[in-house]
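Geometric and topological summary
As a plain string of letters, each chain reads:
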Amino acid sequence: TKMMMLNKKREKNQQCVRNVYTSKIISSDKDLVALVFYGTEQSKNPRNSFKHVYVFHDLDSPGAQRVQDIDKLRGDKGAQQAAETMGSGETSLGDALWCCSNLYSDIKLRLSHKRLMIFTCRDDPHGRDSARDRQARTKAADLKETGVVIDLMHLMKPGGFDVSLFFCDIVSPPEDESELGMQLEACGKLEDLQKRVRAKEMKKRAQSRLTLSLGDGMNVAVGVYVLARTATKPPAVRLYRETNEPVRTKTRLFHTQNGSLLLPSDTKRAQVYGNKQIVMEKDEVDEIKKFDDPGMVLIGFKPMDRLKRHHHIRPALFIYPEEDQVTGSSCVLTALLQRCSERNVFALCKYTPRRNTPPRFVALVPQREVLDNSQVQVAPAGFHAIFLPYADDIRTLDAHVGPTASDEQVDKMREIVHKLRFKYRSDAFENPVLQQHYRNLEALALDMMAPEAIEDFTMPKVQMMDERLGPLVQEFKDLVYPADYNPESKPAAKRKPGGAEKKPKLEVSEEELRAHVQKGTLGKLTVPVLKDACKQFGVRTTGTKKQELIDALVAQLS
């Protein structure tokens, strides 16, 4: 759940509130969001218990109508409408916090996370009124005791926003203590809200909970987590034409001759083998599909260098102990992780995820806990379960044998690669197809004339690349391609049969050939010229490929 409070006296950045609504619709539509204005002349709240507090939106799931309501408050026309609807009056942050507490209490659902964001440009909202300051501090402490996280989204203020003047006792303790002092710029969290990324939030829960058998009756409980998952478009929902309600699919089997409804006990499975139909019961088929009970079984340990990069066949899973299932699992898994990490080995296990699923062999690679400079956990301690391939999964391919590049060509390409290198971050490249899909849905729901334009970060920045490389590209082309090579030229027209023309004889002097050999630029000559040069100087070749002709001429003239 998320609740936003805006100071009506200096209302700015409605775009931030709109971004919260639109991002919640896409990422986690089950979240509840409310919008409360304080410092208003008019009052609108449950039971009208608080003056100068206007509940613009109750705590509920965000929708298209709420986004349209926010759009009506934007611009000069929206400011005039807000002044007529809510007006501007006295400020009492304590009453606003009390109203938000009542909104939380009126929700009968169990809330896993509660967050309250305060948007304001006044670092002393009560003007040194000690009674109102004390009331606000008391109510903020009560909210924080109930698990509510209070964040301050301070706006730009001339002379700077002094958080230590009042709000340092209101907000939850930040990670960086410097956020509690004088702030000359607007809150950095506002930029995060404005630069929203349309992405679906995955539920942070275990994919399954299994038993890891270590041998001799030693079993511990582990949770299996998916750390990376491919983002896809949401599936389409079928709706009934008359009522626009979701349609449920139900499958029934009927007899082909008399049309009677078949029960599960009336159907059997069959397999043709040796021109005979072997009929089996459902229980027999289930028993055939069953390999083993779900779980992990430790087989042994292998050195880490036995695990090769080409063994990767699918994304790895993450194994973490489940202390609630079996007491002592965390202690045993921690000891196993430390010993595997110290000896630089991985644990080889047989992994059966479900009852009717074939087993796979996985390598449990230890990962120690990683902390940043602020002692905040960056990576948890646990095991990465890397799926190992079977023999059938590894194919033998015939490698294509092509011409070998010269040392000069390799050095030139190394310079190009070095110029184009940058620090890669996966979160810096959004999926343009998904972003366009969500923008199309947003435009359709909000009756927009056209969807917002997207920036495709996957497209190469040609101008920046040209500035970095400079003349390197042309130098590389001169080393690799022939002098008359033009990639944009059209292919030569096919010669008509019957009208064969005699090719002119191509001759190259010995001095020119020796100069090409010394410079390593024989590759600029065409294959017909190289063939005629071999005939002219009596060079015998066993092949007709360009590189073979070059090697023969170099051996003859060097």
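About the thresholds
- Just so you know, the residues in each chain are numbered from 1, in the order the chain's sequence is written.
- Given that the model is predicted, a residue must reach a pLDDT of at least 70 before its local features are reported, and side-chain atom pairs must reach 80 or more before they are shown or counted; all residues, however, enter totals for whole chains, interfaces and linings.
- For the side-chain quantities, the full set of heavy atoms in the structure was used; hydrogens and water were omitted.
- UniProt positions are given in the numbering used here, feature names are shortened, and annotations may be inferred rather than shown by experiment.
- To qualify as a helix, a DSSP run of H or I must reach at least 4 residues; to qualify as a strand, a run of E must reach at least 2; elements of each kind are numbered from the N terminus.
- One fewer than the residue count of a helix, multiplied by 1.5 Å, yields its expected span.
- When accessible area is computed with a 1.4 Å probe and restricted to protein chains, residues below 20% of their type maximum are described as buried, those above 50% as exposed, and intermediate ones as partly exposed.
- The arc refers to the directions leading from the helix axis to the C-beta atoms.
- In this description, contact between two residues means that some pair of their heavy atoms is separated by no more than 4.5 Å.
- Each nonpolar core is a collection of buried residues, namely Ala, Val, Leu, Ile, Met, Phe, Trp, Tyr and Cys, held together in the definition by side-chain atoms within 4.5 Å.
- Every axis corresponds to a line fitted to the C-alpha atoms, with the helix fit spanning only the stretch in contact, and the corresponding angles, defined between N-to-C directions, vary from 0 to 180 degrees.
- Any angle from 65 to 115 degrees is called roughly perpendicular, while one under 35 is roughly parallel, one over 145 is roughly antiparallel, and all others are oblique.
- Definitions for this section: a left-handed crossing has its near helix turned counterclockwise from the far helix by less than a right angle. A right-handed crossing has that turn clockwise.
- The pairing criterion is simple: DSSP has to find at least two bridges between the two strands.
- By definition, a salt bridge exists where a carboxyl oxygen of Asp or Glu is found within 4 Å of a side-chain nitrogen of Lys or Arg.

- The protein chain carries the name DNA helicase in an unreviewed UniProt entry, which gives Astyanax mexicanus as its organism.
- Heading Catalytic activity (unreviewed entry) of the UniProt record for the protein chain holds this comment: "ATP + H2O = ADP + phosphate + H(+)".
- According to UniProt, the comment filed for the protein chain under the heading Sequence similarities (unreviewed entry) is "Belongs to the ku70 family."

**Quick look at helix H9 (residues 407-420)**
- Between the first and last C-alpha of H9 there are 20 Å, a value that for 14 residues agrees with the 20 Å anticipated at 1.5 Å per step.
- Of all the positions in H9, only Gln409, Lys412 and Ile416 are classed as buried. An end-on view of H9 places all buried positions within 70 degrees of arc, on one side of the element. Among the exposed residues of H9, those oriented more than 90 degrees off its buried face are Asp407, Arg414 and His418.
- The secondary structure elements touched by the buried residues of H9 are helix H11 (462-469) and helix H12 (472-480).

**With respect to the nonpolar core**
- Core analysis: the largest hydrophobic core is formed by 30 residues, its most contacted members being Leu93, Leu116, Ile118, Ile150, Leu152, Phe167 and Ile170.
- The set of elements that each furnish at least two residues to this core consists of strand E2 (33-38), strand E3 (53-60), helix H4 (93-106), strand E4 (114-120), helix H5 (130-145) and strand E5 (148-154).
- Looking at which element gives the most residues to this core, the answer is H4, with seven residues.
- Excluding residues within four positions of it along the chain, Phe167 makes contact with Leu93, Ile118, Thr120, Arg122, Asp123, Pro125, Leu152 and Phe161.

**A closer look at the environment of Ala363**
- Relative to the elements of secondary structure, Ala363 occurs in strand E15 (residues 360-367).
- For Ala363, a relative accessible area of 0% puts it in the buried group.
- The spatial distance from the C-alpha of Ala363 to the C-alpha of Phe346 is 6.1 Å, given a sequence separation of 17 residues.
- Excluding residues within four positions of it along the chain, Ala363 makes contact with Leu307, Phe346, Ala347, His384, Ala385, Ile386 and Leu388.

**Overview of the packing of H9 against H11**
- Across the interface, H9 lies against H11 with an axial gap of 9 Å and an inter-helix angle of 130 degrees. What the angle tells us is that H9 and H11 run oblique. For H9 against H11, the interelement crossing comes out right-handed. Across from Ile416, Lys419 and Leu420 in H9, the residues of H11 making contact are Met465, Arg468 and Leu469.

**With respect to the pairing of strand E14 (residues 345-352)**
- Burial analysis of E14 places seven of its eight residues in the buried class, which makes it a mostly covered element.
- In this structure, strand E12 (residues 295-303) lies alongside E14, joined through eight bridges in antiparallel fashion. Within E14, the position partnered with Pro303 by the bridge is Val345.
- With five bridges joining them, E14 and E15 adopt antiparallel strand pairing. Residue pairing across strands places Tyr351 opposite Arg360, the latter belonging to E15.

**Section: the sheet that holds E15**
- Strands sit in the order E8-E9-E13-E18-E15-E14-E12 around a closed barrel of seven strands; the barrel is mixed. Ignoring which end each strand starts from, the neighbouring axes of this sheet average 40 degrees apart.

**Regarding unusual backbone geometry**
- Of note in the backbone geometry, Arg128 takes a positive phi value of approximately 65 degrees without being a glycine.
- Mapped onto the elements, Arg128 comes out in the loop between E4 and H5.
- Here Asp216, not a glycine, exhibits a phi torsion of approximately 55 degrees, which is positive.
- Structurally, Asp216 is set in the loop between strand E8 (208-215) and strand E9 (218-225).
- According to the relative accessible area criterion, Asp216 is exposed, its value standing at 88%.

**Observations regarding the pattern of salt bridges**
- Scanning all chains against the criterion turns up 18 salt bridges.
- Note that Arg132 and Glu90 form a salt bridge whose closest N and O atoms lie 3.0 Å from each other. Placement of the pair is Arg132 in helix H5 and Glu90 in the loop between helix H3 (75-85) and H4, with a sequence separation of 42 residues.
- Note that Lys412 and Glu475 form a salt bridge whose closest N and O atoms lie 2.7 Å from each other. Of the two residues, Lys412 is situated in helix H9 and Glu475 in helix H12; the sequence distance between them amounts to 63 residues.
- Relative accessible area serves as the criterion here: at 14%, Lys412 is assigned to the buried category.
- Shared partners join several salt bridges into a network, and the residues in it are Arg18, Asp71, Arg74 and Glu442.

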